[in-house]
Amino acid sequence: MIPFEKYNGTDNDFVVIEAADATTIPNLSEFAVEHCDRSDGLGADREGATTGADGVLVLDVDADAEPVRVEMTLYQPDGGTAAMCGNGARVVAAWAHERTGETDFVIETGAGDRAATVEKAESGEFVVSVEMGEPAFSPGDVPLAESYDEPIIEEDIGELTVTAVNTGVPHAVAFVEDVDAVELDAVAPATRHADAFPEGANVNLAAVDGDGFRQRTFERGVEGETKACGTGAVAIAAVARRLGHTDEDAIRVSPPGGDLDIRVPDEGPAILRGPVAFEYADRVDPLGDALGGGF
Ligand SMILES: N[C@H](CCC[C@H](N)C(=O)O)C(=O)O
């Protein structure tokens, strides 16, 4: 049995396993498919715990580095991996703070190194900020299919009118009147799998909400709606500025899981800031049921 911890960033929840322990798992993709399952995944037998997860984070910490560095790999519920995860990176910083007592970290992601800062830890809750790189709209960055030599700005793709941006991973953002009025699970797949996006895309609904924006996201790799998506929140803030829905550079984006504070400056990296909560710690059979283990 190996130890794991469950955390969430605005209810975007992750199983966290240290890299050394993860070496005992024969197939991390199959492990993620089995244990992220919302019907009988990890936590199903645990009073008050949410069952399953939006992903498995495998973390390799270098506590001797200054600042402390953590290599992050995200295995998603469909068994795939993603280059970056905004809420996942915020969870990584909180996990590393608990381990080292430090507050500033460099998180090594598939999208590049990302600075992160843990601001406070009260009653198990943290407030964590993470750099998110510069949102990129160009066809080569999103990426878009070869046939596109211009960015996708408010174009009909599938059943939605979307703007495409990369915030570490590909996102399609549709501004609508009311995010709750859209059957997201029904309309998202056509955009998620559109030919325009050779690597697929996460699909976000956004709507003006006072001085901020509501968010709903159908996530690539989860293949369903999540309670929050950090790269998606940054995508919404960047597209809101691009389309002129706001000229602020400090923007509140509110997914179902809670409020996120986004900074999208004219120059330099975006910043994602919000709460992270520790849920519980337990142990799991690295071989799992799918691999004949679990006895
Ligand atoms: N599903 C995303 C990765 C996780 C992003 C999301 N959990 C976040 O907080 O950024 C993708 O495949 O691009």
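The structure presented is a predicted model; accordingly, all values stated were derived computationally and were not measured.

Conventions we followed
Residues numbered from 1 in each chain as written. Predicted model: local features only at pLDDT ≥ 70, side-chain atom pairs only at ≥ 80, totals over all residues. Heavy atoms only, no water. UniProt positions renumbered as here; feature names shortened; annotations may be inferred. Contact = heavy atoms within 4.5 Å. Helix = DSSP H or I, 4+ residues; strand = E, 2+ residues; numbered from the N terminus. Buried < 20%, exposed > 50% of the residue type's maximum accessible area, 1.4 Å probe, protein only. Near = heavy atom within 4 Å. Polar contact = N/O pair within 3.5 Å; in protein donor to acceptor, adjacent residues only side chain to side chain. Areas by Shrake-Rupley, 256 points an atom, 1.4 Å probe, with all protein chains shown as cover. Nonpolar A, V, L, I, M, F, W, Y, C, P; charged D, E, K, R; others polar. Domains from an automatic or database assignment. Salt bridge = Lys/Arg side-chain N within 4 Å of Asp/Glu carboxyl O. Disulfide = S-S within 2.5 Å.

K.L.:
What exactly am I supposed to notice about the UniProt feature "active site" (unreviewed entry) in the chain here?
P.N.:
Following the UniProt record, one finds the feature "active site" (unreviewed entry) at C85 and C229. In summary, the annotated positions, though distributed over 145 residues, converge in three dimensions, the widest C-alpha pair being only 7.9 Å. Among all residues touching C85, those that are not within four sequence positions of it are F14, M72, L74 and T231. For C229, the location among the structural elements is in the loop between β14 (224-226) and α5 (230-242). Taking the relative accessible area as the measure of exposure, C229 reaches 3% and is therefore buried.

K.L.:
Help me out: how do you make sense of the site of the ligand in this one?
P.N.:
In the vicinity of the ligand, 15 residues are found, and the nearest of them are Q76, N202, E219, R220 and T231. Contacts to the ligand include Q76, whose side-chain N or O atom sits 2.7 Å from an oxygen atom. In the model, an oxygen atom of the ligand is placed 3.0 Å from a nitrogen or oxygen of the N87 main chain. Contact with the protein chains covers 100% of the free accessible surface of the ligand, which is 360 Å². Its residues assigned to classes, the shell around the ligand comprises 6 nonpolar, 7 polar and 2 charged. Each of domain 1 (2-133 + 276-291) and domain 2 (155-268) accounts for three or more of the residues forming the shell around the ligand.

K.L.:
How should I be thinking about the pattern of salt bridges in this particular structure?
P.N.:
Pairs can form between side chains of opposite charge whenever their charged atoms are close. In total, this model carries 18 salt bridges according to the counting rule given. Here R273 makes a salt bridge to E119, at a shortest N to O gap of 2.7 Å. Of this pair, R273 sits in strand β17 (residues 271-284) while E119 sits in strand β7 (residues 112-122), and the two are 154 residues apart along the sequence. Residue R273 is classed as partly exposed on the basis of its relative accessible area, which comes to 31%.

K.L.:
What exactly am I supposed to notice about the state of the cysteines here?
P.N.:
Simply put, disulfide is the name for a covalent bond between the sulfur atoms of two cysteines. Within the structure shown, the criterion is met by 0 disulfides. The structure places no disulfide on C85, whose sulfur is separated from the nearest cysteine sulfur, that of C229, by 7.0 Å.

K.L.:
Please explain the environment of L57 as it appears in this structure.
P.N.:
Note on placement: L57 falls in strand β3 (residues 56-62). Look at L57 and you get buried, because its relative accessible area is 0%. When the C-alpha atoms of L57 and T24 are compared, they prove to be 15 Å apart, with 33 residues separating the residues in sequence.

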